[in-house]
Amino acid sequence: MFKAFLIKYGEIGVKGKNRYLFEDALVNQIKFALKEVEGEFAVTKVDGRIYVQAKTEFDYDETVDALKRVFGIIGICPMVQIEDNGFDDLAKTVVEYFRQTYDDMHFTFKVNARRARKNYPLDSMEINAEIGHVLLEAFPELSVDVHKPDVLLQIEIRQQINIYSIEIPGPGGMPVGTNGKAMLLLSGGIDSPVAGYMIAKRGVKIDATYFHAPPYTSERAKQKVVDLAKLVARYAGPVTLNVVNFTDIQLYIYDQCPHDELTIIMRRYMMKIAETLAESSDCQGLITGESIGQVASQTIKSLYCTNEVCTMPVFRPVIGFDKQEIVDLAEKIGTYETSIQPFEDCCTIFVAKHPVTKPNLNVIKKSELKLAEKIDELVKTAIDTVEKIVIE
Amino acid sequence: MEAYLDNSATTKTAKEAVDIMLEVMQKDYGNPSSKHMYGVNAENYIKDATAVFCNVLKCQEKEIIFTSGGTESNNMAIVGGALANRRKGQHVIVSSVEHSSVKEPFRYLAKLGFEVTYLPVDSNGVVILDELKNALRDDTILVSTMMVNNEIGAVEPIEEMSKIIHTFNRDIVFHVDAIQSFGKYRIVPKKMGIDMLSVSGHKIHGPKGTGILYVRDKVKVNPIILGGGQQKGMRSGTENVPGIAGLGVATKLAYTDFDKKIAGMRAIKNAFVEGIGKIEGTKINGKTDEESAPHIVNVSFPGVRAEVLLHALEDKGIYVSSGSACSSNRPELSSTLQAIGLDKNLLDSTLRFSFCVDTTPEEIEYCLQNIAELLPVLRKYRAH
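Residues numbered from 1 in each chain as written. Chains lettered and ligands numbered in written order. Predicted model: local features only at pLDDT ≥ 70, side-chain atom pairs only at ≥ 80, totals over all residues. Heavy atoms only, no water.

**Student:** Pulling in residues and values, what's your account of the side chain of Glu151(B)?
**Tutor:** Residues and elements named next belong to chain B. If you trace the backbone, Glu151 turns up in the loop between strand 5 (140-146) and helix 6 (158-168). Buried charge Glu151 goes without a salt bridge, the closest partner of opposite sign being Lys103 at 6.6 Å. Among the polar contacts listed, one links the side chain of Glu151 to the side chain of Thr336, at a separation of 3.1 Å. (Helix = DSSP H or I, 4+ residues; strand = E, 2+ residues; numbered from the N terminus. Buried < 20%, exposed > 50% of the residue type's maximum accessible area, 1.4 Å probe, protein only. Lys, Arg positive; Asp, Glu negative; His and termini not counted. Salt bridge = Lys/Arg side-chain N within 4 Å of Asp/Glu carboxyl O. Polar contact = N/O pair within 3.5 Å; in protein donor to acceptor, adjacent residues only side chain to side chain.)

**Student:** Explain a negative patch on the surface to me, and be specific about the residues and the numbers.
**Tutor:** Residue and element names in this part refer to chain A. Together, Glu38, Asp59, Asp61, Glu62 and Asp65 line one region of the surface with negative charge. Relative to the helices and strands, Asp59 resides in the loop between strand 3 (49-54) and helix 2 (60-67). Residue Asp59 is classed as partly exposed on the basis of its relative accessible area of 34%. (Patch = residues over 30% accessible without salt bridge, like charges linked within 9 Å, V, L, I, M, F, W, Y side chains within 5 Å. Areas by Shrake-Rupley, 256 points an atom, 1.4 Å probe, with all protein chains shown as cover. Charge placed at Lys NZ, Arg CZ, Asp CG, Glu CD.)

**Student:** Break down the side chain of His175(B) for me, with residues and values.
**Tutor:** Residue and element names in this part refer to chain B. By the secondary structure assignment, His175 is in strand 6 (residues 173-177). The exposure class assigned to His175 is buried, which follows from its relative accessible area of 0%. Within the structure, the side chain of His175 is placed 2.8 Å from the side chain of Ser198, a separation counted as a polar contact. Among residues more than four places away in sequence, those in contact with His175 are Asn74, Ala77, Ile78, Leu142, Val143, Ser144, Thr145, Met196, Leu197, Ser198 and Leu213. (Contact = heavy atoms within 4.5 Å.)

**Student:** So, helix 12 (residues 361-380) of chain B: which residues are in play, and what are the values?
**Tutor:** All names here are of chain B. Between its first and last C-alpha, helix 12 extends 30 Å over 20 residues, near the 28 Å set by a 1.5 Å rise per residue. Of all the bends in helix 12, the greatest reaches close to 30 degrees and is centred on Leu374; the proline Pro376 follows between one and four positions later. Among the residues of helix 12, those classed as buried are Glu363, Ile364, Tyr366, Cys367, Leu368, Asn370, Ile371, Leu374, Leu375 and Leu378. The secondary structure elements touched by the buried residues of helix 12 are strand 1 (3-4), helix 9 (258-278), helix 10 (306-315), strand 11 (318-319) and strand 13 (350-354). (Expected span 1.5 Å × (residues − 1). Bend = angle between axes of the 7 residues up to and from the residue.)

**Student:** Go over a nonpolar patch on the surface, please, and point to the residues and values.
**Tutor:** A cluster of nonpolar residues, Leu136(A), Val144(A) and Val146(A), forms a patch on the protein surface that exposes about 230 Å² of accessible area. Its location among the elements puts Val144(A) in strand 6 (residues 143-144).

**Student:** Help me get a handle on the domain arrangement of chain B, residues and values and all.
**Tutor:** Residues and elements named next belong to chain B. Along its sequence, chain B is carved into domain 1 (3-11 + 258-383) and domain 2 (15-254). One C-alpha centre belongs to domain 1, the other to domain 2, and the line joining them spans 28 Å. Contacts between the two partners involve 36 residues from domain 1, matched on the other side by 30 residues from domain 2. Here domain 1 and domain 2 share an interface that buries about 2600 Å² over both sides, 48% of which is from carbon and sulfur atoms. On the domain 1 side of the interface with domain 2, the three residues burying the most area are Thr11, Phe258 and Thr336, jointly 23% of the side's total. At the boundary of domain 1 with domain 2, the tally comes to 1 salt bridge. (Domains from an automatic or database assignment. Buried area = accessible area lost by both parts, 1.4 Å probe.)

**Student:** Let's hear about the nonpolar core: which residues, and what values?
**Tutor:** Counting 71 residues, the largest nonpolar core has Ile249(A), Ile273(A), Phe272(B) and Phe353(B) as its most contacted members. Looking at this core, the element that brings in the most residues is helix 8 (residues 262-280) of chain A, giving 11 residues. In this view, Phe353(B) contacts Leu5(B), Phe272(B), His295(B), Ile296(B), Val297(B), Val299(B), Phe301(B), Leu313(B), Val320(B), Cys367(B) and Ile371(B); residues no more than four positions away in its chain are not counted. Formed by 65 residues, the second largest nonpolar core is a distinct cluster that contains Ala49(B), Phe174(B), Ile244(B) and Ile340(B). (Core = buried A, V, L, I, M, F, W, Y, C linked by side-chain atoms within 4.5 Å.)

**Student:** Which residues make up the packing of aromatic side chains, and what are the values?
**Tutor:** All names here are of chain A. Within the structure shown, the criterion is met by 24 aromatic pairs over all chains. Judged by centre distance (6.2 Å) and plane angle (85 degrees), the ring pair of Phe5 and Phe58 falls under edge-to-face. Residue Phe5 is located in strand 1 (residues 4-9), and its partner Phe58 is located in the loop between strand 3 and helix 2; the two are separated by 53 residues in the primary sequence. On the accessibility criterion, Phe5 (1% relative accessible area) is buried. Taking the centre distance of 5.3 Å and the plane angle of 70 degrees together, the rings of Phe71 and Tyr197 count as edge-to-face. In this pair, Phe71 is assigned in the loop between helix 2 and strand 4 (73-82) and Tyr197 in helix 5 (residues 191-201), connecting sequence segments 126 residues apart. Assigned by exposure class, Phe71 and Tyr197 land together as buried. Taken together, Phe2, Phe5, Phe41, Phe58, Tyr60, Tyr97, Phe98, Tyr102, Phe107, Phe109 and Phe139 form an aromatic cluster joined through their ring pairs. (Phe/Tyr/Trp six-rings, centres within 6.5 Å; stacked < 30°, edge-to-face > 60°.)

**Student:** Please give an account of unusual backbone geometry that cites residues and values.
**Tutor:** The peptide bond linking Pro214(A) to Pro215(A) adopts the cis configuration, its omega dihedral lying at 0 degrees. Mapped onto the fold, Pro215(A) is located in the loop between strand 11 (205-212) and helix 6 (219-236). For His205(B), which is not glycine, the phi dihedral falls at a positive 70 degrees. With respect to the helices and strands, the residue His205(B) is situated in the loop between strand 7 (196-200) and strand 8 (211-215). Judged by its relative accessible area of 15%, His205(B) is buried. With a phi angle near 50 degrees, Gln231(B) is a residue other than glycine that sits in the positive phi range. Inspection of the secondary structure assignment puts Gln231(B) in the loop between strand 8 and helix 8 (241-254).

Spelled out as structure tokens, the structure:
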């Protein structure tokens, strides 16, 4: 029955003269999301609204699921669209629509007609009254409530006539691509994919960086991160994943610096490398999945030390979340199952039994002086040899 | 250079096996149950493969059941065997160093109400015969053991066990998991007192998804896969004709020039064992003499994480496994290594090297050299 969807969007509406930019981005993201759905669709911007129309047979549930992942959408209305073949035909279609959509007619309703095409013979008020009358006659269990109806039936008279009464909530947010781009430090854990999701939701395009430490981390650990990047890309649009070989840097730090400072110093270099990669791919910020106090390297003092190496803003959207809150979100967006696969990431392999929890920036900087001889070279090599995986 | 030393996980399929499988899939693709020529041609491949097994195992045609591999053979022998003999008793016995495809069916039997006794092993992974004597009861109906342990290559005293079991009660069904030993030993079930024997194809250069269960004539076992009644109702489902044909060819190959092949494998193993002995900070688990399997060596590297060494070797083109590859996705510690009383600290520092007839002395040399070079580096960098 449904061959089209009306896409409702929220904040875009208030963007003034830039509105068309946001709408175009939304259209693009909808097209991207529908690529993996069976069937062909036309996504069009007409009269300041976005329609998704199926051109072929399509899977309704799959389509709705894909649309529910497009940031910027606040509502998805499955519509019946008909040509104008006179009022009697419209009335018949509406009755049929009710019959197929609702099993039990014990509810209240209201008709809300809008006559965008002014040459239609009846005006809005007349359509409301006439359609209401027809429905009450067809289904005596129905009753009208014009203030707080259970079902609000929308009838829009345009070139075609749109009929809809259901609105499936979308994810909200802003269309990806309307708010610049940021580099996500993707570890393979539970938190970072969630962080990426949250920033993407605000319209930010995402690239990702993963630190690979063979042979200490396995090929499967890397595959897991690629899988996670794919899951994030379902929301965030195409993602370029940078895989940095971090082994030599890590071993050099291990050789030169106190072991209880290893994690902090390592993370400082990760941030540095991620920032360099971010600059060269036109990002304006970094994203991490850090949450205060979760582990030794995420105490406020540790965050202060790792943050210090960056000039770019670092976005930490889950900073105030409890672990369980992050887990809940991970489950909701579908990354949890992949995140909990047991492969070690490079942050934990050399971790000291008692890492510093209150690092002192001056002490850390002094330790880093011991790296002076080779570190710039190693960092440069790591950046030059980065492997880029484009996930579309 | 590349050295694939993970042959107990799986082997490269022999070209002769691949050739015949292609022939079946492209030319003789009939269903062996069909009455026309295509069916007859397909059936002939099964007959040929059956003949190979009858020749190798010195058994009758009706004693061979083709399965989807070692796991199915073990499941059928244990679950099907226990259920078929349930009237005689509900006590079953198994060694404590089994593969999951034996362990899990026994756990399932326990859930069904059977009583399971687990036989302890000595520090070489060999079943303690006195413990078997003590475990046997009037209501014992089934005893199962592996012949060659997949992790440490221990060889179980099959004939002694059989004698003890069958002297106690001839009706007790003795099942042997020969998945790691078939193709490495001459196995004649009747002579050795084996009632059921599990074999897998892909451990002997045959295709994956193939295997047999030998069931001695008159031994009762219930089918566990029901359907169209193929293989005399013992294993329903259209026969995997290409797989069976490939399995037959691989089996024939394994037992051609057999003594020479095994002596070659043994020489490879001895060279490896000797080389490992020269590398400081290594410890071989289990026996390495003639009483151990010719193709498996289990080595602990104190102070090195097995997975890290595995990936470092991988980087050099050397492929080995930590624990048993079949269960390596779960970071559980090996129960075989625990059963032989290996130091807890070594459980996570142990690798298995397994050879095949194609393994060369150069590959062994290359592997040893890399281990010797990697160990000091890996020992230097570790968690504190």
